[in-house]
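Chain residues, written in single-letter form:
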Protein chains: 2
Amino acid sequence: MGDTLRPGEQTLAFDPGARADASVCFIGHIRSPWGPDTETPKNIGKARATGQDARIELADGFGDGLLGLKVGQPLIVTYWMHLGRRDLIVQAPRHADGPCGTFALRSPRRPNPMAMSTVLITSLDQGAGVIGIDAIDAFDRTPVVDIKPWLGTVDLPPNR
Amino acid sequence: MGDTLRPGEQTLAFDPGARADASVCFIGHIRSPWGPDTETPKNIGKARATGQDARIELADGFGDGLLGLKVGQPLIVTYWMHLGRRDLIVQAPRHADGPCGTFALRSPRRPNPMAMSTVLITSLDQGAGVIGIDAIDAFDRTPVVDIKPWLGTVDLPPNR
């Protein structure tokens, strides 16, 4: 699994990547200006502040799934952060005040390495299967596992 | 794949469930009052209106991942809706005005059958790996694939 642990970090006794309870199909990829050799924004807010947009290129056959989406609509993009280890259950991020459980963090290092961001649709090409989005904080070519419309009735906490 | 198509519905030429680009590990299960034989709420708002709470029971080893979460905090629960077909790319829901792409809908019938709801933490037992939540619209024993803190900076559309 590679990298060494920081003080306070804990791992599971097994690798969640080796427990295949179900399979995921990549529906496409993110295209972004970011990569291992760029200064990559640490979160979607910082990505947005760069003014750099991005897009999602769907794999063949998935374009018709965009029918009914509209430019300007908020979208939840779920992507697969395949580069990190999956067995960290307590982490010690540099920004935090001590160790923190993986489920209390948005770290991409988690049992199922899915990240999600809420973005705005800036363009839609159903035939080509391409969605322009206002920003993303993921590396170019990160696999996408789902896109869904953001709905206040489902996605806002009840006390907001 | 079972059920018949409604007018206007389209399927992919392949089954996404047979394209295993990555594997998912179930981190636990939802415990809820709902099942195939109950009147199950159609969405989280209706589930909340019933006044029935629910909980997430984590699988062995995952409880330490709760460290740092707090009662009252909003949480995004991602769960695996394993009962539906995965090859529907255009759907004709009864509530909609004609066919709609799967990615424009929150339907559980999608290439990767993940649903997500934003809920409130009502209790936490890190040792037992149990999280009480205010409501959920999923059947009892639905597998859970991720839980994350809801963060306004990531999960609110930029224009809110």
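Residues numbered from 1 in each chain as written. Chains lettered and ligands numbered in written order. Predicted model: local features only at pLDDT ≥ 70, side-chain atom pairs only at ≥ 80, totals over all residues. Heavy atoms only, no water.

Caption draft 1: Quick peek at the sheet that holds strand β10 (residues 143–149) of chain B. Residues and elements named next belong to chain B. Read once around its circumference, the closed barrel built from six strands follows the order β3-β4-β9-β8-β5-β10, with strand pairing classed as antiparallel. Within the sheet, the average angular offset between the axes of one strand and its neighbour, ignoring direction, is 45°. Alignment of strand β3 (residues 28–31) against strand β4 (residues 54–58), held across four bridges, turns out to be antiparallel. In the sheet register, arginine 31 faces β4, and the bridge partner there is arginine 55. (Pairing = 2+ DSSP bridges. Helix = DSSP H or I, 4+ residues; strand = E, 2+ residues; numbered from the N terminus. Axes fitted to C-alpha atoms, helices over the stretch in contact; angles between N-to-C directions.)

Caption draft 2: Local environment of the UniProt feature "domain: TsaA-like" (unreviewed entry) in chain A. The positions that UniProt labels "domain: TsaA-like" (unreviewed entry) are, in the present scheme, residues 24–159 of chain A. Helix makes up 7% of residues 24–159 of chain A and strand 34%, whereas the separation of the span's terminal C-alpha atoms amounts to 33 Å. (UniProt positions renumbered as here; feature names shortened; annotations may be inferred.)

Caption draft 3: Structural context of the nonpolar core. Among the nonpolar cores identified, the biggest contains 33 residues, and Ile56, Phe62 and Ile147 of chain A together with Phe103 of chain B are the most heavily contacted of them. Excluding anything up to four places from it in sequence, isoleucine 147 of chain A contacts Ile27, Ile56, Leu58, Leu66, Leu75, Ile76, Val77 and Ile131 of chain A together with Phe103 and Arg110 of chain B. If you look at the next biggest cluster of nonpolar residues, it comprises 32 residues, including Ile89 of chain A together with Ile27, Phe62 and Ile133 of chain B. (Core = buried A, V, L, I, M, F, W, Y, C linked by side-chain atoms within 4.5 Å. Buried < 20%, exposed > 50% of the residue type's maximum accessible area, 1.4 Å probe, protein only. Contact = heavy atoms within 4.5 Å.)

Caption draft 4: Structural view of the environment of cysteine 25 of chain B. Within the secondary structure, cysteine 25 of chain B sits in the loop between β2 (22–24) and β3. Sequence spacing of cysteine 25 of chain B and lysine 70 of chain B is 45 residues, and the spatial spacing of their C-alpha atoms is 25 Å. If we skip the residues at most four places from it in the chain, cysteine 25 of chain B touches Pro16, Arg19, Asp21, Arg86 and Asn112 of chain A together with Phe62, Val144 and Val145 of chain B.

Caption draft 5: Just the pattern of salt bridges, in detail. Residues and elements named next belong to chain A. Applying the stated criterion across every chain yields a total of 20 salt bridges over all chains. Glutamate 9 serves as the salt-bridge partner of arginine 109, at 3.7 Å between the closest nitrogen and oxygen. Here the residue arginine 109 occupies a position in the loop between β7 (100–101) and β8 (114–125), and glutamate 9 occupies one in the segment before β1 (10–11), the gap between them amounting to 100 residues. Taken individually, arginine 109 and glutamate 9 each receive the classification buried, so the pair is uniform in this respect. Here aspartate 146 ties to lysine 148 by a salt bridge, and the two come within 2.8 Å at their closest N and O atoms. (Salt bridge = Lys/Arg side-chain N within 4 Å of Asp/Glu carboxyl O.)

Caption draft 6: Here's a closer look at the sheet that holds strand β3 (residues 28–31) of chain A. Residue and element names in this part refer to chain A. With antiparallel pairing, six strands are arranged side by side around a closed barrel as β3-β4-β9-β8-β5-β10. Neighbouring strand axes in the sheet, compared pairwise and without regard to direction, differ in orientation by 45° on average. In the sheet, β3 pairs with strand β10 (residues 143–149) via two bridges, with the strands oriented antiparallel. Across the sheet, residue histidine 29 finds its bridge partner in β10, namely proline 143.

Caption draft 7: Structural view of the relation of the copies chain B and chain A. The transformation that overlays chain B on chain A combines an axial shift of 0.0 Å with a rotation of 180°, and the residual RMSD is 0.0 Å. In symmetry terms, the pair is related by a two-fold rotation axis. Judged by C-alpha distance, serine 23 of chain B is the residue of chain B that lies nearest the rotation axis, at 2.3 Å. A high fraction, 100%, of the interface residues of chain B reappear at the interface in chain A, so the copies pair face to face through one surface. (Least-squares fit on C-alpha atoms with pLDDT ≥ 70 in both.)

Caption draft 8: Region of the structure containing the packing of aromatic side chains. Evaluated as defined, the whole model comprises four aromatic pairs over all chains. Measuring from ring centre to ring centre gives 5.7 Å for phenylalanine 14 of chain A and phenylalanine 62 of chain B, while their planes differ by 80°; the resulting arrangement is edge-to-face. Residue phenylalanine 14 of chain A is found in the loop between β1 and β2 (22–24), and its partner phenylalanine 62 of chain B is found in the loop between β4 and β5 (74–80); the two belong to separate chains. Phenylalanine 62 of chain B gets classed as buried once you look at its relative accessible area, which sits at 0%. Across from the ring centre of phenylalanine 14 of chain B, 3.6 Å away, lies the NZ or CZ of arginine 19 of chain B, which sits over that ring. (Phe/Tyr/Trp six-rings, centres within 6.5 Å; stacked < 30°, edge-to-face > 60°. Lys NZ or Arg CZ within 6 Å of the ring centre and 35° of its normal.)

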